[in-house]
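In case you want the letters, here they are:
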Amino acid sequence: MLRVYNTMTRKLEEFTPREKGKVYMYVCGLTPYDYSHVGHGRSAVVYDVMHRYFECLGYEVIHISNFTDIDDRIIKRAQELNLNFRELSEKFVAIFLKSLEALNVKKLFMYPRATENIQEIIDMVKELEEKGFAYETSDGVYFSVRKFKDYGKLSHRNIEEMISGARVDVNEEKHDPLDFALWKKAKEGEPSWESPWGLGRPGWHIECSAMSLKYLGNGFDIHGGGDDLIFPHHENEIAQSEACTGEVPFVRHWLHNGMVVIEKEKMSKSLKNFFVLGNLLQDYDGEVVRLFFISVSYRKPLNFDVESLELARKNYTYFSESYKTLKTLLERNKVNSALDVHSAITKWKEAFTNAMDDDFNTSVAISILFDMFRYVNANRDRIDSVGAKAIDALCKDIFLVLGFDHLGDDKVSLDSSFKKELIKAINDFKVNDIVKESFKDFNENLEIVDIINEIIKIRKAFRDSKNFKASDVIRNGLSDVGVVFEDTKNGTKYKLVMTNEKREE
RNA sequence: GGCGCCGUGGCCAAGUGGUAAGGCAAGGGUCUGCAAAACCCUUAUACGUCGGUUCGAGUCCGACCGGUGCCUCCA
């Protein structure tokens, strides 16, 4: 039984869908006025894991996430950069979506934009006005929070206390300081749309109500977003939506993810600790970043620091190398052993399900991977193909849920720049007194893989003749360009790793 | 001021009543020409402080200390 933490009730509760076998989820996306940061990436990844787990449980998932592509910040930024507001927002949307791809975030059902749903927004504001929840002023249309008696139920705030404690608002026309804009009338030169109140644009909040109701229908299953959206954004969404439809609840389960923090402080631009997601993904593999994101409960703050990222990288490499080991066992013949692989698998499966059922406890889910791979490595000589295949099947299930789509693949592409470095290493060998004789006639026109195998052959000759000084020169030289040699009973194996230099470029 | 969250061994991090998962780091070992990788073992009087409830609390209650979030734009 899957249990999720609902911000509204402040309790873990059984997940119950509106419609049998389907999950309708809406996750608040970003306002594309600048490069997206690491926090946006985390948010996307944690909801992606939920999405994947729902599918694992057999649900059809209708998952959408919006872009609020018209807003004061977008207008301001577009003016600064002398761009059309749409060019600006779509540019940052595209960059963000590219980052999501690197993070293996599944393509969503749709990514609705506020500007594509202006008519629905206007209709909703009109209806709120007709029902007496909204009023027009000289600069826009506002929602009257006092008219909605449940105001504050999500964030557990008392409306009277908030009003008395509210900061002075410069807008004298608002009935209450907490009233918020549903529609903003356009000033000269601003992007705008025709409406019953003249030219203008949507306020913040209303687009999410309009789009979630339009595409998912009232009373949908999951509404998510960062916990900084609880108030006022989601509180206002509830107020607008329930006032408009007259029905409760607007949403069945309210889920919120914790912020990414730096030195315990929330990541934000004003504090100058803003980290661009795209830059991080140049330094670290997307799946490593993903592991970093899900190593902590989605509800807790996640500290962003190099140590944690390096730990994720190290652990990811362990998973990856171990999984490759498992794959070598798939074609293994029957071996004599009393190894009870199946009871181990049963135990892991159950542990994984229990962890994920407990509000998506990915920390525990990951610990199961450590269990599994330690078992594989420790018993690599005793697992036969039947056992290996069974473990492999479970691995694939788990990777699918956690989103490790390329775990075990060779990540470093054997591109031309890599070959250049390899040739450079070989050139160094050609002038190294210890090994140069062997590299005199080296054929550099071979394929990369053949070059490496050729080097292994040369090195083997040195090793066979106990010239370890020479073999170490070769091993160290290649390790510098990211080819790591490992001498095993069955000959020398190599693996390709990203070097520090490459990572820092 | 209002509403929250967090404080677990050197570091990261699970754990909502029964006596502390997992990872990293550290030490020792197996293997190896040496490494690397892998595995085995070890380590630690780790639950912010002080009270309370309970047969029993990291886990519930209270107070306090420290950190932090929302209340203004914010994933």
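Residues numbered from 1 in each chain as written. Chains lettered and ligands numbered in written order. Predicted model: local features only at pLDDT ≥ 70, side-chain atom pairs only at ≥ 80, totals over all residues. Heavy atoms only, no water.

Below, the discussion takes up the pattern of salt bridges. What the rule picks out here adds up to 40 salt bridges. A salt bridge links Asp-34 to Lys-269, with the nearest nitrogen and oxygen atoms 2.0 Å apart. Residue Asp-34 is located in the loop between strand S3 (22-27) and helix H1 (38-56), and its partner Lys-269 is located in the loop between strand S12 (265-266) and helix H8 (277-283); the two are separated by 235 residues in the primary sequence. Residues joined in a network through salt bridges with shared partners are Asp-34, Lys-76, Arg-77, Glu-80 and Lys-269. (Salt bridge = Lys/Arg side-chain N within 4 Å of Asp/Glu carboxyl O. Helix = DSSP H or I, 4+ residues; strand = E, 2+ residues; numbered from the N terminus.)

Pairing within the open sheet is mixed, and its three strands lie in the order S12-S11-S13. Looking at strand neighbours, the two that pair on one side only are S12 and strand S13 (302-303), the edges of this open sheet. The pairing of strand S11 (residues 260-262) with S13 spans two bridges and is parallel. Among the inter-strand pairings, Val-261 is bridged to a residue of S13, identified as Asn-303. (Pairing = 2+ DSSP bridges.)

Around RNA strand B sit 54 residues in total, of which Arg-10, Trp-204, Gly-226, Leu-229 and Lys-314 are the nearest. Close to the protein, within 4 Å, the atoms of RNA strand B belong to sugar or phosphate groups at a rate of 65%. One of the side-chain nitrogen or oxygen atoms of Tyr-318 is found 2.6 Å away from a phosphate oxygen of RNA strand B. A distance of 2.7 Å separates a base oxygen of RNA strand B from a polar atom in the side chain of Arg-475. Take the surface near RNA strand B: its biggest share by element is seven residues, from helix H12 (residues 362-378). (Near = heavy atom within 4 Å. Polar contact = N/O pair within 3.5 Å; in protein donor to acceptor, adjacent residues only side chain to side chain.)

Right, let's get into the sheet that holds strand S6 (residues 140-143). The sheet built from four strands is open, its strands ordered S5-S6-S7-S8 with antiparallel pairing. One side of each edge strand has no neighbouring strand; the edge strands of this open sheet are strand S5 (134-136) and strand S8 (200-202). When the angles between neighbouring strand axes are averaged without regard to direction, this sheet yields 20 degrees. Bridge analysis of S6 against strand S7 (residues 180-185) gives four bridges, and the strand direction is antiparallel. Counted as the bridge partner of Phe-143 is Phe-180 from S7. Packed on one face of the sheet, helix H4 (residues 118-130) meets S5, S6, S7 and S8 and runs near 120 degrees to S7. (Axes fitted to C-alpha atoms, helices over the stretch in contact; angles between N-to-C directions. Contact = heavy atoms within 4.5 Å.)

On to the packing of H1 against helix H9 (residues 286-294), then. Interhelical geometry of H1 versus H9 gives an angle of 80 degrees and a closest axis separation of 10 Å. In terms of orientation, H1 lies roughly perpendicular with respect to H9. Counted together, Val-38, Gly-41, Arg-42, Val-45, Asp-48, Val-49 and Arg-52 of H1 and Arg-290, Phe-293 and Ile-294 of H9 form the full contact between these two elements. When grouped by side-chain class, the residues that make up the contact of H1 with H9 number five nonpolar, one polar and four charged. (Parallel < 35°, antiparallel > 145°, perpendicular 65-115°, else oblique. Nonpolar A, V, L, I, M, F, W, Y, C, P; charged D, E, K, R; others polar.)

Turning our attention to H9. Burial runs high along H9: nine of the nine residues are buried. All of the buried residues along H9 are Gly-286, Glu-287, Val-288, Val-289, Arg-290, Leu-291, Phe-292, Phe-293 and Ile-294. Put simply, Asp-285 is the residue that caps the front of H9, since its side-chain oxygen is 2.8 Å from the backbone nitrogen of Glu-287. (Buried < 20%, exposed > 50% of the residue type's maximum accessible area, 1.4 Å probe, protein only.)

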